[in-house]
Amino acid sequence: MIKVYGVPGWGSAISEVMLTLADIPYQFINVDGFDKPGETRELLEKLNPLCQVPTLELENGEIMTETAAIALMILDRRPDLAPPVGSSERQQFQRLLIWLVANVYPTFTYADYPERWAPDAPEQLQHNCREYRKSLYLWLDNHLKATPYAFGEQITLIDCYLCVMRIWGPRPDWFAANTPKISAIADSVGKLPKLHKVLKDNDILC
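If you check an unreviewed UniProt entry, the protein appears there as Glutathione S-transferase family protein from Leclercia tamurae.

Spelled out as structure tokens, the structure:
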């Protein structure tokens, strides 16, 4: 069984939701506090020297990191969770999967720990990253169908990302007011009974 090392509500939640949607069993191991010196950091560091979540230990003992790579691994087992090969939607899926981790993720890396990157002006860096993130979400909202999912009637792994990321900054109220498609997609994913437990465990559903 796959082991998922993560923290409820963090980036590991995306992997948990994707695995659950794909009916791939896993064991969740909470490493809360991994970003500070201590036992949990030492545990995670043995598996992933970068000490990032999610870190997955696969059935064969291999280590898998990076949510986009995890998504591609899941698609090897469940190809139906992306648009058909050769379709224009498939190309857009590939684009947005990498776009999310290449563009949106770094705004959290720098805004969550601004003192590491700009010790003389952490507040300014944090503000700039958060405002830039909003502009990215506005762009993304214009490239989604949201009827009811990102690519229409078929749910894909992109939808798992949006459901989880909506609870992060700038928070659900901002998304509802400014990115109605992202909000609608997150709502649609949240209504799937098979995902209720994992979403509740990650404080995504009340």
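Now that the structure has been shown, the text picks up again.
1. Quick word on the nonpolar core
Ile74, Leu157 and Met165 are the most contacted members of the largest nonpolar core, which totals 59 residues. Contact partners of Met165, with chain neighbours within four places excluded, come to Ile14, Leu100, Val104, Tyr105, Phe108, Tyr137 and Phe175. Core analysis: the next-biggest nonpolar cluster, separate from the first, contains 8 residues, Tyr5, Val7, Val31 and Leu44 among them.

2. Details of the sheet that holds strand β2 (residues 26-30)
Backbone hydrogen bonds are what pair the strands of a sheet, in a parallel or an antiparallel way. The mixed open sheet is built from 4 strands, whose spatial order is β2-β1-β3-β4. Each having just a single partner strand, β2 and β4 (63-65) make up the two edges of the open sheet. With strand direction ignored, the average angle separating the axes of adjacent strands in the sheet is 25°. Bridging between strand β1 (residues 2-6) and β2 involves 5 bridges; their strand directions are parallel. If you follow Val4 over to β2, its bridge partner there is Phe28. Packing of helix α1 (residues 12-21) onto the sheet brings it into contact with β1, β2 and β3 (55-57), and relative to β1 it is tilted by some 150°.

3. What about the packing of aromatic side chains?
Across all of its chains, the model carries 7 aromatic pairs by this definition. Their ring planes at 80° and their centres at 5.3 Å tell us that Phe108 and Trp168 sit as a pair that is edge-to-face. One end of the pair, Phe108, is in helix α4 (residues 88-112); the other, Trp168, is in the loop between α7 (157-165) and α8 (172-178), and 60 residues separate them in sequence. Of the residues examined, Phe108 reaches a relative accessible area of 13% and is grouped as buried. Here a set of aromatic residues connected by ring pairs shows up, and it is made of Tyr137, Trp174 and Phe175. Sitting above the plane of the Tyr113 ring, Arg116 keeps its charged end 4.0 Å from the centroid. Cation over ring: Arg133 sits above Phe108, and NZ or CZ is 3.7 Å from the ring centre.

So, how was this worked out
Residues numbered from 1 in each chain as written. Predicted model: local features only at pLDDT ≥ 70, side-chain atom pairs only at ≥ 80, totals over all residues. Heavy atoms only, no water. Core = buried A, V, L, I, M, F, W, Y, C linked by side-chain atoms within 4.5 Å. Buried < 20%, exposed > 50% of the residue type's maximum accessible area, 1.4 Å probe, protein only. Contact = heavy atoms within 4.5 Å. Pairing = 2+ DSSP bridges. Helix = DSSP H or I, 4+ residues; strand = E, 2+ residues; numbered from the N terminus. Axes fitted to C-alpha atoms, helices over the stretch in contact; angles between N-to-C directions. Phe/Tyr/Trp six-rings, centres within 6.5 Å; stacked < 30°, edge-to-face > 60°. Lys NZ or Arg CZ within 6 Å of the ring centre and 35° of its normal.

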